[in-house]
Amino acid sequence: MPFSSLGLRPELVRAVSDKGYDLPTPIQTQAIPLILEGRDLMGSAQTGTGKTAGFVLPILQRLDQAGRQRRNRRAIRALVIAPTRELAIQINQSIEDYGKWLRLDSTAVFGGVNINPQIKLLTRGVDFLVATPGRLLDLLGRNAVDLSRVEMLVLDEADRMLDMGFIRDIRKILAALPRDKQTLLFSATFSAAIKQLANGLLRNPALVEIGRNNAVESVRQLIHPVEKSRKRELLSHLVGANNWQQVLVFGRTKHGANRLAKQLNSDGITAVAIHGNKSQNARTEALTRFKAGKVQVLVATDIAARGLDIEQLPHVINYELPQVAEDYVHRIGRTGRAGCRGHAISLVCGEESGQLRDIERFIKREIPRQLIEGFSVDISPGSPGAAAKPDAKRRRRRSASRPSTAA
């Protein structure tokens, strides 16, 4: 089924073709006609499924068909709220790419940079705005943005925004929007909190749900069991011995990402870290160098990596497993996109055996183990290196730390 069969205008189909895409993904096939009909929509899709184009393309068409509103040039007509700067930038780039044959304006606003240039852009007027919650609320407080004429609203990665504590900001923003609008909500999962948010926001929504494993079918997944103290050594060995030139590595903490990047550079592997403590300019520069092949390894935390769009990324490595199994799918979904094969490796120590079991239950499959000579250890349940239940001493220490309930 070609994109033209979904009801999209020739200008949009041409822009999609210019990007090298011939056939729509499952979420695009299901979502685009519904959005063109004006339906509210609740969608569940993982990274790499083509979700962004799934809502950007029909919104661009609806905006263009309705014509540019001249009465109030500061009024925003379509609003996308995204959890991170990187995702906001990526969505806006998609709007510019797919809307290049249309006469519509868009911009992205986010924190970490000077607000004044963003205010100037909004004063000139844009049709399509992409924003992070905190910066949008700041702009509203300064009367620098008019949301009274929003026709279409998208909450992207709503689950992540709730996890990051943005629910109050989102509710304040929603209060500034008109009731009569089309609303699209996308979330990796439909938790109770997401359903509660949707119930108060969407009107008779259509449901589009793409299976959690669809996004990673093209990713070859492997586990390399290794002692925690030798993870860095194994990572350097893998990158160096295989001459990998573009590797996205995930760590859990900002300080850990900085430390690992520094250690890799000392091993002769060009690496740079990207996380929330970095300025927007530093993050943009790091990503640009990585995409250009000037840096072999990009070490990222989960939040910093949300929205990273790196075409044909060959390798993702979990240096540390995520605490939440669902984040594993988000991570490895950065590779194996747009029909390309991807390779995802997890360096797993015995202490992470419990997290590994949670991940395998979540994705409903066992990830193959591959032993690396000179590095491998046994992380199977019950092995000396595997995580065990808290011992008696630790249990006593925890009990002692709790307030006494005795009279």
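Residues numbered from 1 in each chain as written. Predicted model: local features only at pLDDT ≥ 70, side-chain atom pairs only at ≥ 80, totals over all residues. Heavy atoms only, no water.

Trainee: Explanation requested: the packing of helix 14 (residues 325-332) against helix 15 (residues 353-363) in the structure shown.
Mentor: Axes are the key here: two packed helices are described by the angle between their axes and the distance separating the axes. Contact pair helix 14 / helix 15: the axes reach a minimum separation of 8 Å and the direction vectors enclose 70°. Judged by the angle between their axes, helix 14 and helix 15 are roughly perpendicular. Contacts between helix 14 and helix 15 pair Ala325, Glu326, Tyr328 and Val329 from the former with Asp358, Ile359, Phe362 and Ile363 from the latter. The residue inventory of the contact of helix 14 with helix 15, partitioned by class, reads six nonpolar, no polar and two charged. (Axes fitted to C-alpha atoms, helices over the stretch in contact; angles between N-to-C directions. Helix = DSSP H or I, 4+ residues; strand = E, 2+ residues; numbered from the N terminus. Parallel < 35°, antiparallel > 145°, perpendicular 65-115°, else oblique. Contact = heavy atoms within 4.5 Å. Nonpolar A, V, L, I, M, F, W, Y, C, P; charged D, E, K, R; others polar.)

Trainee: So what exactly am I meant to see when it comes to the packing of helix 10 (residues 231-242) against helix 11 (residues 254-266) here?
Mentor: Put simply, helix 10 and helix 11 touch, their axes get as near as 11 Å, and they point 50° apart. Taken together, the axes of helix 10 and helix 11 are oblique relative to one another. As for the relative orientation of helix 10 and helix 11, their crossing is right-handed in sense. Across the interface between the two elements, Arg232, Leu235 and Ser236 of helix 10 pack against Leu260, Gln263 and Leu264 of helix 11. Its residues assigned to classes, the contact of helix 10 with helix 11 shows three nonpolar, two polar and one charged. (Left-handed = near helix turned anticlockwise from the far one by under 90°.)

Trainee: Explain the sheet that holds strand 13 (residues 342-348) to me, please; I cannot follow it from the model alone.
Mentor: Sheets are built from strands paired through backbone hydrogen bonds, the pairs being either parallel or antiparallel. Spatial ordering of the open sheet is given by 8-13-12-9-11-10, a layout of six strands whose pairing is parallel. Looking at the sheet topology across the chains shown, the edges are occupied by strand 8 (219-225) and strand 10 (271-274). Ignoring strand direction, the axes of neighbouring strands in this sheet form an average angle of 20°. Across four bridges, strand 12 (residues 315-318) lies against strand 13 in parallel orientation. Bridging from a neighbouring strand, His315 pairs with His343 of strand 13. Of the strands in this sheet, strand 9 (247-250), strand 10 and strand 11 (297-300) are in contact with helix 11, which crosses strand 10 at around 175°. Docked against the sheet, helix 12 (residues 280-291) engages strand 9, strand 10 and strand 11, running at close to 145° with respect to strand 11. (Pairing = 2+ DSSP bridges.)

Trainee: Mind showing me how you'd approach the side chain of His343 here?
Mentor: Within the secondary structure, His343 is located in strand 13. Those residues in contact with His343 that lie beyond four places of it in its chain are Val219, Arg220, Leu222, Trp244, Pro314, His315, Val316 and Thr335.

Trainee: Help me understand the pairing of strand 10, please; the structure alone is not making it clear to me.
Mentor: Two faces belong to every sheet, and in a regular strand the side chains alternate between them. The side-chain alternation of strand 10 yields two buried faces, one formed by Ala271 and Ala273 and the other by Val272 and Ile274. Alignment of strand 10 against strand 11, held across four bridges, turns out to be parallel. Opposite Ala273, over in strand 11, you have Val299 as the bridge partner. Taken together, strand 10, helix 12 and strand 11 form a β-α-β motif whose crossover is right-handed. (Buried < 20%, exposed > 50% of the residue type's maximum accessible area, 1.4 Å probe, protein only. Right-handed = clockwise from strand over helix to strand, strands pointing away.)

Trainee: Quick question: what am I supposed to make of unusual backbone geometry here?
Mentor: What is expected of a backbone is that most residues other than glycine have negative phi and most peptide bonds are trans. Notably, Glu157 is not glycine yet its phi reads approximately 50°, a positive angle. Along the chain, the position of Glu157 falls in the loop between strand 5 (152-155) and helix 7 (158-163).

Trainee: Help me understand the side chain of Asp146, please; the structure alone is not making it clear to me.
Mentor: In this fold, Asp146 is placed in the loop between helix 6 (133-141) and strand 5. The buried charged residue Asp146 lacks any salt bridge partner; its closest oppositely charged side chain belongs to Arg149, at an N-O distance of 4.8 Å. (Lys, Arg positive; Asp, Glu negative; His and termini not counted. Salt bridge = Lys/Arg side-chain N within 4 Å of Asp/Glu carboxyl O.)

The quantities given are spatial measurements derived from coordinates; they are silent on function.
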